[in-house]
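The residues making up each chain are set out below.
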Amino acid sequence: MPLGRRPKITLKLATSLDGKIALANGDSQWVTSDAARAHGRYLRAENDAIAVGAVTAELDNPHLTSRVPGRKDPVRVVFDSSLKLSPGSHLVTTAKDTSTWVFTRHGSDAKAEALREQGVIVHPVTDENGLSLEESLEIMAEAGLRSLLVEGGGTLIASFVRAGLYDTLHWYRAPVLLGGDGRDCVGALSLTNMGQAVRLHRMKVSEVGLDLHEIYVKAD
Ligand SMILES: NC(=O)c1ccc[n+]([C@@H]2O[C@H](COP(=O)([O-])OP(=O)(O)OC[C@H]3O[C@@H](n4cnc5c(N)ncnc54)[C@H](OP(=O)(O)O)[C@@H]3O)[C@@H](O)[C@H]2O)c1
């Protein structure tokens, strides 16, 4: 899917040293340091939209704002096939001030209408084992959104990786271990041989507070 028909896509991972983004019970506040999270907010401000999966929206109740003075907050996007997003969540109650979009398979039921009344933009898209990323990205591009930051969780990140729909990956890595029962930063890719492994080029490594910040691009 060429750029132009879709926004430029950046994947962001904020993980422990062992590649986990949360504990098994979903607690994830906080894996990385204050400095890395502040850095991540600048990354948000550089993008036209930020996306999270339905589980992150439910468990973290995030604001997904950049809070960078003088910078516009990106459009906040949730991939939520069954429209679980709570009417009392931050993303919904602030939707009239900062745009919140939901991609879902339910476009016209009462829940969708109630969210629309609260200012949420609800976009119905095809759902075939996960909402269609291509349709969603086309809708974003047509609305003039030229860059998208995908913040997770691991299930949504894995869908973008499986589809090859990303340009850059920013990885904030904290010197902390969360263990094998923690939640993975990249969900299942269903690879069957090493030839299929997803290979990246490391472009930059720097320290941010206590953490590492690594930038990767797709290796063709
Ligand atoms: N460390 C960090 O910076 C960080 C960042 C983000 C999240 N997290 C943590 O990550 C955890 C949640 O991650 P998660 O992997 O369980 O869930 P997730 O990626 O947040 O959400 C996955 C859900 O999104 C929905 N979805 C709709 N279309 C999809 C598609 N095409 N591909 C993938 N998902 C799609 C599905 O739910 P429906 O079928 O209901 O639509 C799916 O189950 C939370 O504990 C959160 O705290 C941590």
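Quantities reported herein were computed from a predicted structural model and do not represent experimental measurements.

Novice: I'd like a rundown of the overall build of the protein chain, residues and numbers included.
Specialist: For the protein chain, the count of helices and strands is six helices and 11 strands. Expected size for 220 residues packed as a compact globule is a radius of gyration near 17 Å; at 17 Å, the protein chain falls within 12% of this value. Dimensions of the protein chain along its principal axes, counting C-alpha atoms only, are 45 × 40 × 35 Å. Taking all 220 residues of the protein chain together, 37% fall into the buried category. Restricting the contact set of the protein chain to residue pairs at least 6 apart, pairs at least 24 apart contribute 71%.

Novice: Any details on helix α6 (residues 154-162)? Residues and values, ideally.
Specialist: For α6, the complete set of buried residues consists of G154, L156, I157, A158 and V161. Where α6 is buried, its residues meet β1 (8-15), β2 (20-22), β3 (49-53), β4 (75-79), β7 (147-152) and β9 (183-184). A positive phi of about 70° marks G164, the residue just after α6.

Novice: Kindly report on the site of the ligand, identifying the contributing residues and their values.
Specialist: Among the 30 residues in the neighbourhood of the ligand, the closest are listed as G53, G130, G152, G153 and S159. Those elements that provide at least two residues to the shell around the ligand are β2, β3, α2 (54-60), β7 and α6. The leading source of residues in the shell around the ligand is α2, at five residues. A class-by-class count of the residues in the shell around the ligand yields 12 nonpolar, 13 polar and five charged.

Novice: Give me the lowdown on the sheet that holds strand β8 (residues 168-173), citing residues and values where you can.
Specialist: Sheet strands pair via backbone hydrogen bonds, and the direction of the pair is either parallel or antiparallel. Pairing is mixed across the open sheet formed by nine strands, whose spatial order is β6-β5-β4-β3-β7-β1-β8-β11-β10. Of all strands in the sheet, those bounded by a partner on one side alone are β6 (121-124) and β10 (200-208). Within this sheet the neighbouring strands show an average axis-to-axis angle of 20°, counted without direction. Of the strand pairs in this sheet, β3 and β4 are connected by five bridges, and their pairing is parallel. Bridged to G53 within β4 is F79. Helix-sheet contacts for helix α1 (residues 34-45) involve β1, β3, β7, β8, β10 and β11 (211-218), and the interaxial angle to β1 is about 170°. Here α6 sits on the sheet and contacts β1, β3, β4 and β7; the angle it forms with β7, its principal contact strand, is near 135°.

Novice: Provide a residue-level description of the pairing of β1, including the pertinent values.
Specialist: With seven of eight residues buried, β1 is to be regarded as a mostly interior element. The pairing of β1 with β8 spans six bridges and is parallel. The partner of T15 across the bridge, within β8, is R173.

Novice: Talk me through the pairing of β6; I want residue IDs and the actual numbers.
Specialist: Here strand β5 (residues 100-104) pairs with β6 via four bridges, running parallel. Note on β6: the bridge partner recorded for W101 is I121. What joins β5 to β6 is helix α4 (residues 110-117), and the crossover it makes is right-handed.

Novice: Tell me about the environment of H213, residues and numbers included.
Specialist: Looking at the element boundaries, H213 is found in strand β11. With 173 residues separating them in the primary sequence, H213 and G40 have C-alpha atoms 9.8 Å apart. In this structure, H213 is in contact with A36, H39, H170, Y172, S206 and V208, ignoring residues within four places of it in sequence.

Novice: Any chance you could break down α1 for me, citing the residues and the numbers?
Specialist: For α1, spanning 12 residues, the distance from its first C-alpha to its last is 17 Å, which sits close to the expected 16 Å at 1.5 Å a residue. The complete set of buried residues in α1 reads A36, G40 and R44. An end-on view of α1 places all buried positions within 95° of arc, on one side of the element. Pointing more than 90 degrees away from the buried face of α1 are the exposed residues D34 and Y42. Elements in contact with the buried residues of α1: β1, β3, β7, β8, β10 and β11.

The rules we used
- Residues numbered from 1 in each chain as written.
- Predicted model: local features only at pLDDT ≥ 70, side-chain atom pairs only at ≥ 80, totals over all residues.
- Helix = DSSP H or I, 4+ residues; strand = E, 2+ residues; numbered from the N terminus.
- Rg over C-alpha atoms; globule rule 2.2 N^0.38 Å.
- Buried ≥ 20, exposed ≤ 12 C-beta atoms within 10 Å, placed from the backbone.
- Contact = placed C-beta atoms within 7 Å.
- Near = placed C-beta within 6 Å.
- Nonpolar A, V, L, I, M, F, W, Y, C, P; charged D, E, K, R; others polar.
- Pairing = 2+ DSSP bridges.
- Axes fitted to C-alpha atoms, helices over the stretch in contact; angles between N-to-C directions.
- Right-handed = clockwise from strand over helix to strand, strands pointing away.
- Expected span 1.5 Å × (residues − 1).
- Arc of directions from axis to C-beta.

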